[in-house]
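# Report on the structure
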Amino acid sequence: MGNFEDKHAFLVMSRTVDANLLNLLKSIDHKENDIYVHIDKKANIENFDNELENAELIMCKSISVGWAADTQIKAEMILLKSVVNSERKYSYLHLMSGNDLQIADNAQFRAFFKNNDEQYIEYENVDAPINIRRIKYFFPLQQYLGKKHGLLWAIQKILMYMQVVLRVNRLKKMPYTHIAKGSTWFSITLECAQYIVKKEKEIEKYFYHGSAADELFIQTIILNSKYKNKIASNNLRYIRWSEGANSPEILRSSDYKELITSQKLFARKFDTNVDTTVINKILGGVHNG
């Protein structure tokens, strides 16, 4: 098994089985990595051919995941519990999407986490009213909305304002002093992951039935814990956003130089239907370390 300080667990959430997921698996195919994978239950995984040569692949229970819905949190918890319940020892756990890649070579990657105990969780906008609202009220239709502002979106908006009038407040007995928001994707120690899993009941009570609460629950729990002074507020991911967009930009060959000089360890989002050249360059570099 090797020294546990060299072992890493990758927690992969993917909407489907496609070339992008396979490229991610190639980028983290290292003998000291275990890869825990959650594939959306809506996907067809019959043709999923495990091409890993070095890492161990562990397939986790699948559920149907909705955009910004509590099923996003449930899928994360399935992955976290799979790692914790395995009782295997890891230096770090890394939550990834099926459109990510590791961009640092393996030598740089392992050196970065050696003798490290920081929690790489991005957080911002602490106690911002717009984020508190996401979990103060119930958002029962979120699983079915997707990203479009249609009829269901309008109905849910009306339901929220009804709760405002009725003075609904799910957070009255919440044990956390501060609520924070940040990127879903993180790199945390095993001890920190164990702490999160122990908070499952609180997560269900205060974050399920919210809106995009997957961007709140990890940040809020850890910011209100003994780990608060160990939060790096840097998730080690290179991600580029356009103003007002609800999804990151697809990275291309023109981004390659900025990617490899960014001092980040991972990047998203990649798409083989848009640009395979940048993906192949990164895969070549990762396995040269």
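Whatever comes next refers back to the structure up there.
All figures in this text were calculated on a predicted structure; none of them were measured in a lab.

### Remarks on the sheet that holds strand S1 (residues 8–14)
Ordered in space as S3-S2-S1-S4-S6, the five strands form an open sheet in which the pairing is mixed. The outermost strands of the open sheet, each flanked by one partner alone, are strand S3 (56–59) and strand S6 (187–189). Going across the sheet, the axis of each strand differs from the next one's by a mean of 20 degrees, ignoring polarity. Bridge analysis of S1 against strand S4 (residues 92–97) gives six bridges, and the strand direction is parallel. Bridge pairing in S4 places His-8 opposite Tyr-92. Helix H2 (residues 70–86) rests against S1, strand S2 (33–39), S4 and S6 of the sheet, and its axis sits at about 155 degrees to S1. Contacts between helix H7 (residues 190–198) and the sheet are confined to S4 and S6, with S6 contributing the most and set at about 90 degrees to the helix.

### Examining a nonpolar patch on the surface
Side chains of Tyr-144, Leu-151, Leu-152 and Ile-155 sit close together on the surface and give an oily, nonpolar patch of about 430 Å² of accessible area. In terms of residue count, helix H6 (residues 151–165) provides more of the nonpolar patch than any other element does, three residues in total. Relative to the assigned elements, Leu-151 resides in helix H6.

### Points about the sheet that holds strand S5 (residues 100–102)
The pairing of strands in a sheet comes from backbone hydrogen bonds and takes either a parallel or an antiparallel form. Spatially, the three strands line up as an open sheet ordered S5-S8-S7, and their pairing is mixed. Unpaired on one side and paired on the other, S5 and strand S7 (237–238) mark the two borders of the sheet. Bridge analysis of S5 against strand S8 (residues 266–268) gives three bridges, and the strand direction is antiparallel. Following the sheet pairing, Asp-100 is matched in S8 by Arg-268.

### Some remarks on the packing of aromatic side chains
A full pass over the atoms with the stated rule returns twelve aromatic pairs. Measuring from ring centre to ring centre gives 5.2 Å for Phe-109 and Phe-113, while their planes differ by 65 degrees; the resulting arrangement is edge-to-face. With Phe-109 and Phe-113 both in helix H3 (residues 106–113) and four residues apart, the pair spans about one turn of that helix. In this structure, Phe-109 and Phe-113 share a single accessibility class: buried. Ring plane angle 70 degrees and centroid distance 5.6 Å describe the contact between Tyr-195 and Tyr-227, whose orientation is recorded as edge-to-face. Highlighted residues: Tyr-195 in helix H7 and Tyr-227 in the loop between helix H9 (217–223) and S7, separated in sequence by 32 residues. An aromatic cluster is present here, built from Phe-10, Tyr-92, Phe-109, Phe-112, Phe-113, Tyr-120 and Phe-266 joined pairwise through their rings. Here the basic side chain of Arg-170 rests over the ring of Phe-138, its NZ or CZ set 4.6 Å away from the ring centre.

### Concerning the pairing of S1
Counting buried residues in S1 gives seven out of seven residues, a clear majority hidden from the surface. The side-chain alternation of S1 yields two buried faces, one formed by His-8, Phe-10, Val-12 and Ser-14 and the other by Ala-9, Leu-11 and Met-13. Between the parallel elements S1 and S2, the chain passes through helix H1 (residues 19–27) in a crossover that is right-handed.

### Some words on H3
Looking at H3, one finds that the buried residues are Asn-106, Phe-109, Arg-110 and Phe-113. Looking straight down H3, one finds that the buried residues subtend no more than 90 degrees of arc, so they occupy a single side. The backbone nitrogen of Ala-107 has a side-chain oxygen 3.0 Å away, supplied by the residue at the start of H3, namely Asp-105. In the stretch just after H3, Asn-115 is the one whose phi turns positive, near 55 degrees.

What counts, and at which threshold
- Residues numbered from 1 in each chain as written.
- Predicted model: local features only at pLDDT ≥ 70, side-chain atom pairs only at ≥ 80, totals over all residues.
- Heavy atoms only, no water.
- Pairing = 2+ DSSP bridges.
- Helix = DSSP H or I, 4+ residues; strand = E, 2+ residues; numbered from the N terminus.
- Axes fitted to C-alpha atoms, helices over the stretch in contact; angles between N-to-C directions.
- Contact = heavy atoms within 4.5 Å.
- Patch = residues over 30% accessible without salt bridge, like charges linked within 9 Å, V, L, I, M, F, W, Y side chains within 5 Å.
- Areas by Shrake-Rupley, 256 points an atom, 1.4 Å probe, with all protein chains shown as cover.
- Salt bridge = Lys/Arg side-chain N within 4 Å of Asp/Glu carboxyl O.
- Phe/Tyr/Trp six-rings, centres within 6.5 Å; stacked < 30°, edge-to-face > 60°.
- Buried < 20%, exposed > 50% of the residue type's maximum accessible area, 1.4 Å probe, protein only.
- Lys NZ or Arg CZ within 6 Å of the ring centre and 35° of its normal.
- Right-handed = clockwise from strand over helix to strand, strands pointing away.
- Arc of directions from axis to C-beta.
- Polar contact = N/O pair within 3.5 Å; in protein donor to acceptor, adjacent residues only side chain to side chain.

Functional significance is not addressed by these values, which are geometric in nature.
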